[in-house]
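Now for the letters of each chain:
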Amino acid sequence: METTASLQSTNTSAREPSDIPWRTILAVIGAVVATVVLLYVVAQTRRVLIWMVIAAFFAVALNPAVSFVQRRLLKGRRRALATSMVFFLVVVVLLGVIALFVVPLAREGTKFADRLPTLIDQAREGHGTIGSLLKRTHALTFIQQHQDQIKSTASGLTKPAVGVLRGVATGVAGAITIFVLAFLMVLEGPRISTGVLALFPQDRAARIGRVASDCAKSVTGYIAGNVAISVICGVLTFAMLEIMGVPFALLLALFVAIADLIPLVGATLGAVVAIIAAFIHSVPAGIVAIIFFIVYQQVENHLLQPVVFSRTVKLNPLTVLVAVLVFAQLAGILGALLAIPIASMIQIIARDVWDHRVGRLNAEPNVGAERAPVEGSSPATATAETGRPG
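Residues numbered from 1 in each chain as written. Predicted model: local features only at pLDDT ≥ 70, side-chain atom pairs only at ≥ 80, totals over all residues. Heavy atoms only, no water.

Another point: the overall build of the protein chain. On a plain count of helices and strands, the protein chain comes out with 14 helices and zero strands. Helices (α) and strands (β) of the protein chain occur, in sequence order from the N terminus, as α-α-α-α-α-α-α-α-α-α-α-α-α-α. Taken over 390 residues, the protein chain has a buried fraction of 24%. Long-range contacts, defined as pairs at least 24 residues apart, comprise 57% of the intrachain contacts of the protein chain with a sequence gap of at least 6. (Helix = DSSP H or I, 4+ residues; strand = E, 2+ residues; numbered from the N terminus. Buried < 20%, exposed > 50% of the residue type's maximum accessible area, 1.4 Å probe, protein only. Contact = heavy atoms within 4.5 Å.)

Below, the discussion takes up unusual backbone geometry. Backbone geometry at Phe248 places phi at a positive 55 degrees, although glycine is not the residue there. Of note, Phe248 is situated in the loop between α9 (202-243) and α10 (249-259).

What follows covers the side chain of Thr237. Looking at the secondary structure, you find Thr237 in helix α9. Exposure remark for Thr237: the relative accessible area of 0% places this residue in the buried category. A polar side-chain atom of Thr237 sits 2.7 Å from the main-chain carbonyl oxygen of Cys233. For Thr237, the contacting residues outside a window of four places in its chain are Ala253, Val256, Phe292 and Phe293. (Polar contact = N/O pair within 3.5 Å; in protein donor to acceptor, adjacent residues only side chain to side chain.)

For the rest of this paragraph, the subject is the packing of aromatic side chains. Each pair of aromatic rings is reported with the distance of its centres and the angle of its planes. Under the criterion given, the structure shown has six aromatic pairs. A centroid spacing of 5.3 Å and a plane angle of 80 degrees characterise the contact between Phe87 and Phe183, whose relative ring orientation is edge-to-face. A residue pair is termed long-range when its members are at least 10 positions apart, and Phe87 in helix α4 (residues 79-125) and Phe183 in helix α8 (residues 158-197) qualify at 96 residues. Note on Phe292 and Tyr296: the rings are 6.1 Å apart at their centroids and 10 degrees apart in plane angle, and the pair reads as stacked. Taken as a pair, Phe292 and Tyr296 lie in helix α12 (residues 283-312) at a separation of four residues, close to a single helical turn. With a relative accessible area of 6%, Tyr296 lands in the buried category. Through a chain of ring-to-ring contacts, three or more aromatic side chains come together here, namely Phe57, Phe58 and Tyr222. (Phe/Tyr/Trp six-rings, centres within 6.5 Å; stacked < 30°, edge-to-face > 60°.)

Structure below.
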């Protein structure tokens, strides 16, 4: 019997492992195929997905204003009318900002077009500011000697110009799409939220609702902080340009403030335009503008942004700085735009999980010799868990 048992054991150990069920193999293959298809769809629709993310971002930011109008002015009725009123106000503000740029530019462009023939004649003769500059740099001689190359280069700029026009058209279409998506998200937001929360038990739904509300507040706080920083940048820029006597100081300061809303490249873009305008006015004004923007950008990046966002988004300055650097590296401008609200949402969710899963007496005292429950745990709960008062 022992010999037979040992032989059976040997045969069992020598036998190859049991075959994997076909269902498991098919499930793994299906999961891989589904993942590949999903990645392909995301890659092909990444532009639309980015538009949807940006629309959701602005929808969350505008939702408090819509709720306020609906609650206070319309007595809780007609959310569609409240949404239309808020978005109409946004459009009016945007058109007003555009008008502040277009009207002065059109006026100065008309003056420049009237003076253009005179400026060209002066430049050819070496007179005037432009003519003297061209004469000192021997630019006229260079142009005359390389006319054929310049013509071929100018003709080769046709394709890039077409690409720029195509990009502008795509940008306009994207802006309209984002506007419509944001409008519909704000309009249908309460209905969608109610439908999603109805899928969960009542206590779980209440918890999810609180967390989602805190996340929405973090997005609103981020936008408020970003606008505050841009206003500070615009005011200081206007003061510097006005002191140096640079023309169109208000217009340039407004452009710098709006550009400062764009993460990473916005502040640099606005600074370059303002510095060029200052140099056109005078060399000392340009030098002062360079020094001002170098100092201000260092202060904004390492002091103003962390401090403001630590108050509006409830993140400490180190987390703000690290979040911007990491998400900018991962997703470029969009990552930098969403870095701070995403970091705030992660903090909110992590804190909620901590309060619900670890909200009890610690194994060791928190501070000093007295045991104390962590935030979110009541003394009664602590007594029930440990058998003695907290």
